[in-house]
Amino acid sequence: MKKIILPAILVVAAIAGGFMMTSSKAAPEVTFTALDGRQFHTSDLKGKVVLVKFWATSCVTCIAQMPDTIGYYNTYHDKGYETVAVAMAYDPPNFVKNYTADKQLPFTVTLDSDGSAAKAFDDIKFTPVAFLLDRQGNIVKRYIGNYDKKDFIKTLENTLAQN
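Since the model is a prediction, treat every value here as computed from it, not as a measurement. (Residues numbered from 1 in each chain as written. Predicted model: local features only at pLDDT ≥ 70, side-chain atom pairs only at ≥ 80, totals over all residues. Heavy atoms only, no water.)

Applying the stated criterion to the full structure yields eleven aromatic pairs. Judged by centre distance (6.4 Å) and plane angle (85°), the rings of Tyr76 and Tyr81 are edge-to-face. Here Tyr76 falls in the buried class, since its relative accessible area comes to 8%. For the pair Tyr147 and Phe152, a centre-to-centre distance of 5.5 Å together with 50° between the ring planes defines the contact as tilted. (Phe/Tyr/Trp six-rings, centres within 6.5 Å; stacked < 30°, edge-to-face > 60°. Buried < 20%, exposed > 50% of the residue type's maximum accessible area, 1.4 Å probe, protein only.)

Right, let's get into the pairing of strand β4 (residues 49-55). Counting buried residues along β4, seven of its seven residues qualify, which places the element largely inside the surrounding structure. Residues of β4 alternate between two faces, with Val49, Leu51, Lys53 and Trp55 on one and Val50, Val52 and Phe54 on the opposite face, all of them buried. Across seven bridges, β4 lies against strand β5 (residues 81-87) in parallel orientation. What sits directly across from Trp55, in β5, is Ala87. In the sheet, β4 pairs with strand β7 (residues 129-133) via five bridges, with the strands oriented antiparallel. By the bridge assignment, Lys53 is partnered in β7 with Ala130. (Helix = DSSP H or I, 4+ residues; strand = E, 2+ residues; numbered from the N terminus. Pairing = 2+ DSSP bridges.)

For the rest of this paragraph, the subject is the nonpolar core. Of all hydrophobic cores here, the largest spans 21 residues; its most connected members are Phe32, Val52, Phe54, Phe121, Ile124 and Phe131. Of all the secondary structure elements, the ones that give two or more residues to this core are β4, β5, α4 (116-120), β7 and β8 (139-144). Residues within four places of Ile124 in sequence aside, it is in contact with Phe54, Met88, Ala118, Val129 and Phe131. Trp55, Ala56, Leu105 and Phe107 belong to the second-largest nonpolar core, a separate cluster that totals 15 residues. (Core = buried A, V, L, I, M, F, W, Y, C linked by side-chain atoms within 4.5 Å. Contact = heavy atoms within 4.5 Å.)

The subject of this paragraph is helix α3 (residues 93-103). Restricting attention to buried positions, one finds in α3 the residues Val96, Tyr99 and Thr100. On an axial view of α3, the arc spanned by its buried residues comes to 100°, and they lie on one face. Among the exposed residues of α3, those oriented more than 90 degrees off its buried face are Asn98, Ala101 and Asp102. Immediately beyond the C-terminal end of α3, within one or two residues, lies Gln104, with a positive phi of roughly 50°. (Arc of directions from axis to C-beta.)

So, on to the state of the cysteines. Counting across every chain of the model gives one disulfide. The partner cysteine of Cys59 in its disulfide is Cys62, sulfur to sulfur 2.4 Å. An S-S torsion of about 80° defines the bridge between Cys59 and Cys62 as right-handed. Judged on exposure class, the residue Cys59 and its partner Cys62 are both buried. (Disulfide = S-S within 2.5 Å.)

Inspection of the secondary structure puts Asp91 in the loop between β5 and α3. A distance of 2.6 Å separates the side chain of Asp91 from the side chain of Thr57, its partner in a polar contact. Sequence-distant contacts of Asp91, that is, excluding residues within four places in its chain, are made with Ala56, Thr57 and Val96. (Polar contact = N/O pair within 3.5 Å; in protein donor to acceptor, adjacent residues only side chain to side chain.)

The next thing to look at is the packing of helix α2 (residues 60-76) against helix α5 (residues 149-161). Orientation of α2 relative to α5, taken along the N-to-C sense of each, is 30°, at an axis distance of 12 Å. Comparing their axes, α5 and α2 come out roughly parallel. As for the relative orientation of α2 and α5, their crossing is right-handed in sense. Where α2 approaches α5, its residues Asp68, Tyr72 and Tyr76 are matched on the opposing element by Lys149, Phe152, Ile153, Leu156, Glu157 and Leu160. Here the contact of α2 with α5 is composed, by residue class, of six nonpolar, no polar and three charged. (Axes fitted to C-alpha atoms, helices over the stretch in contact; angles between N-to-C directions. Parallel < 35°, antiparallel > 145°, perpendicular 65-115°, else oblique. Left-handed = near helix turned anticlockwise from the far one by under 90°. Nonpolar A, V, L, I, M, F, W, Y, C, P; charged D, E, K, R; others polar.)

Following this line, the structure appears as structure tokens:
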């Protein structure tokens, strides 16, 4: 009975309250394609603290989080923080482009047209899922769904303070 209850509690916590997982493994090496067609790799982000956020225009939680995502970027970008918003393969590119332009997103938005980035980052199927990477390209934390803003800021500031 206990073997069933613990996984069920973890699933409920992940869906309802935003699950955070601490990690120290290297982020997968993927090729991102920005809306302007520019391509870059995970390794190109080394030297910066990066939030890789998987999202979709159809995701209510993703859209609700976007003002905070913009705020974190605007507050911490000059301190070495970057955001890469990865639109899921099922999200129509014109929806992503229109939303990005309408909301004037200040960070890099990419299209994961073939789903390869989502697959490489633990086979992401639903959104939002975000990964905070340190300056060496290691995953510091994975955030699923809604997450505690104060904890995120504390983790972000601690990661920015490390060399």
